[in-house]
Amino acid sequence: MRQLARFPWAAILGLTLIAALALLPGVALAQDAPPADPAAAPAVEPAGPTIEQRLANLEAYVTNGVPDAEGGALGATAGAGHNAWMMTCAALVLFMTLPGLALFYGGLVRRKNVLSVLAQCFGCAGVVTVLWWAIGYSLVFDSGSSILGGTSFAFFEGVTAAPNGAYSAWVSQNVFAMFQMMFAIITPALIVGAIAERMKFSAVMAFVVLWMFAIYFPLAHMVWGGDGLMNGVWNANASIKSIDFAGGTVVHMSSGWSALVLCLILGKRTGFGKRAFMPHSLVFTMVGTGMLWVGWYGFNAGSAVAADGIAANAFVTTTLAAAVACAVWPALEWVTRGKPTVLGFCSGAVAGLVVITPCAGFVSASSAMIIGVIAAIVPFFACTKLKAALKYDDALDTFGIHGVGGTIGCILAGVFASPSMNPNLDTNLKSLIGGGLVLEQVKAVGVTLVLAIGGTAVIAYAIKAVIGLRPSAEAEEAGLDDADHGEAGYHLEEGGGHGGLEDLSASPARAEAGVAFSTAEQAG
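Residues numbered from 1 in each chain as written. Predicted model: local features only at pLDDT ≥ 70, side-chain atom pairs only at ≥ 80, totals over all residues. Heavy atoms only, no water.

(A) Expanded view of the overall build of the protein. A tally of helices and strands in the protein yields 18 helices and zero strands. Across the 524 residues of the protein, 49% fall into the buried class. Accessible area of the protein: about 23,000 Å², with a carbon and sulfur share of 69%. (Helix = DSSP H or I, 4+ residues; strand = E, 2+ residues; numbered from the N terminus. Buried < 20%, exposed > 50% of the residue type's maximum accessible area, 1.4 Å probe, protein only. Areas by Shrake-Rupley, 256 points an atom, 1.4 Å probe, with all protein chains shown as cover.)

(B) Quick peek at the packing of aromatic side chains. Under the criterion given, the structure shown has 27 aromatic pairs. Summarising the aromatic geometry, the rings of Phe183 and Phe299 are spaced 4.2 Å apart at their centres and angled 25° between planes, so their arrangement reads as stacked. In this pair, Phe183 sits in helix H6 (residues 173-191) while Phe299 sits in helix H9 (residues 282-300), placing the two residues 116 residues apart along the sequence. Judged by centre distance (6.1 Å) and plane angle (80°), the ring pair of Tyr392 and Phe399 falls under edge-to-face. By the ring-pair criterion, three or more aromatic residues cluster together here, those being Trp132, Tyr137, Phe141, Phe153, Phe156, Tyr167, Phe176, Trp211, Phe213, Tyr216 and Phe217. Its end group placed over the ring of Phe277, Arg269 keeps NZ or CZ at 4.5 Å from the ring centre. (Phe/Tyr/Trp six-rings, centres within 6.5 Å; stacked < 30°, edge-to-face > 60°. Lys NZ or Arg CZ within 6 Å of the ring centre and 35° of its normal.)

(C) Layout of helix H15 (residues 437-466). Between its terminal C-alpha atoms H15 stretches 43 Å, which fits the 44 Å expected from 30 residues at 1.5 Å a residue. Leu437, Glu440, Gln441, Ala444, Val445, Thr448, Ala452, Gly455, Thr456, Ile459, Ala460 and Ile463 are the residues of H15 that are buried. On its buried face, H15 is in contact with helix H7 (201-224), helix H8 (248-266) and helix H13 (398-416). Of the residues trailing H15, Gly468 is marked for its positive phi of about 85°. (Expected span 1.5 Å × (residues − 1). Contact = heavy atoms within 4.5 Å.)

(D) Structural detail: the pattern of salt bridges. In the structure shown here, the tally under the stated rule is eight salt bridges. A salt bridge links Asp393 to Arg269, with the nearest nitrogen and oxygen atoms 2.8 Å apart. Here Asp393 is found in the loop between helix H12 (365-390) and H13, whereas its partner Arg269 is found in the loop between H8 and H9, with 124 residues between them in sequence. Take Asp393: its relative accessible area is 1%, and that puts it in the buried class. The exposure class assigned to Arg269 is buried, which follows from its relative accessible area of 8%. Here Asp397 and Lys387 are joined by a salt bridge, their closest N and O atoms 3.0 Å apart. Taken as a pair, Asp397 in the loop between H12 and H13 and Lys387 in helix H12 lie far apart in primary sequence, 10 residues in all. Connected through salt bridges with shared partners, the residues Arg110, Glu197, Arg198, Arg269 and Asp393 form a single ionic network. (Salt bridge = Lys/Arg side-chain N within 4 Å of Asp/Glu carboxyl O.)

(E) Looking closely at the side chain of Ser347. Looking at where Ser347 falls in the secondary structure, it is placed in helix H11 (residues 342-356). In contact with Ser347, other than residues within four places in its own chain, are Trp329 and Ile401.

(F) Spotlight on the packing of H9 against helix H10 (residues 309-337). At their nearest, the axes of H9 and H10 sit 9 Å apart, and the two run at 140° to each other. As for the relative orientation of H9 and H10, their crossing is right-handed in sense. Contacts from Trp293, Tyr297 and Asn300 of H9 reach H10 at Ala314, Phe315, Thr318, Thr319, Ala322, Ala323 and Cys326. Tallied by class, residues from the contact of H9 with H10 come to seven nonpolar, three polar and no charged. (Axes fitted to C-alpha atoms, helices over the stretch in contact; angles between N-to-C directions. Left-handed = near helix turned anticlockwise from the far one by under 90°. Nonpolar A, V, L, I, M, F, W, Y, C, P; charged D, E, K, R; others polar.)

(G) Molecular detail of helix H4 (residues 80-108). The end-to-end C-alpha distance of H4 is 41 Å, a good match for the 42 Å that 29 residues give at a rise of 1.5 Å each. Bending of H4 peaks at approximately 40° at the position of Gly100. (Bend = angle between axes of the 7 residues up to and from the residue.)

(H) Geometry of the state of the cysteines. As enumerated under the stated definition, the model contains zero disulfides in all. Not part of a disulfide, Cys346 finds its nearest cysteine sulfur in Cys326, a span of 7.7 Å. (Disulfide = S-S within 2.5 Å.)

(I) Here's a closer look at unusual backbone geometry. In this structure, the amide linkage connecting Leu98 to the following residue, Pro99, adopts the cis form with an omega of 10°. Tracing the backbone shows Pro99 in helix H4. Even without being a glycine, Asn64 presents a positive backbone phi close to 60°. For Phe156, which is not glycine, the phi torsion reads 60° and is therefore positive. Phe156 gets classed as buried once you look at its relative accessible area, which sits at 18%.

Okay, here's the thing in structure tokens:
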């Protein structure tokens, strides 16, 4: 007890009291401090797309459905597979013009004019590309009026790798623009066939520029623009509820009927009806036909703007119609003329491809077979009987195949279109399928005829008054290769390693043959 009494309890107790008093101000300050700012707390990460959303977008991608923008990366970007398909199709459609159409037409003209046809095809590719970039794409696919689009996409402003949902949920808009540009390139190039060998290059290029603005851009918007006058599939307010899968009106009717008007205003080739105008190379024409057929898969199947079931059906119907017409046309020749010709096979194939174009994604395989037969018979008689009776100089049968073929194809689309082949037909046209759609197709044909015939006549007469349409008679007789381009497609005297006719002097026989060749060259 004495030791405990001696322990410094008083000192310990004092120090404890002092420490407690020292802590009191801090405790009071802590109690008086305002609560912590909630903004200073770590932000809560938003929840990402659910598994269900991601799977739904994956399903939409595979089936070419509409993606959910909140469903992850697939909801905001182009689909790789669809993009790859459409880039391939764009290249195939360009392949149709260069070199397909160039070789097809080039082989059908006389050799002194082969380069002029190739140059006109190249000229269309260059000029139309510039117009398309500057304003054409915008006038066709921007929203605007029912007849012409706006200018929001001028100079490809805003045309990026992101999809334009108005036309495709899964294809980059810049890829879509390139695909549609290839259609714009080949359409005026088709007109070249009717006026081949007698229209000077400067007039052709001037015509193409004016024709694109007056006819192609408005017509393409009316048929394919989201708010177009004749876009029956997607525009619920369309005044004419017609269908055109890949360009029966926009490409073939417009070019074919314009070609007829232009060749009538231009007049016949010198010597037409008095001497034969023989194709200088049916080999070129056959090769060009094969290229056109291959490229047409991009043209028709690509117009589904996706690698989906509709594209697959268009691929099948394109094949069947082309093959049937390719067989029926020469069969008609065999019956009426005694022999099937290679040119008949080529003409039949192209006619089948033309007529199936507006129908391809809307009709069944069996319907395509019937369309193929009609595609051979009607254009065959247009190119042989009608042309001979009316005596117009459609040099390479652009009107007979594209004008007539595109027109009947447009009407047949209304006859054979089936929602079982393309469910999109039920979107706005359910009440018209199987009846009233044919009348809508006839209306679309009428609008196209008025625009193509009237617009072409005005443009042609304007160019004729300002710069003239034809070369001089001497230049036409010598050939447009030399008159317009200062070149020749062939130098056959060099085929054996010789520099020209002067080298033939060592052999009288070869010299005589060379003179004969030179005379024939000038005549033909």
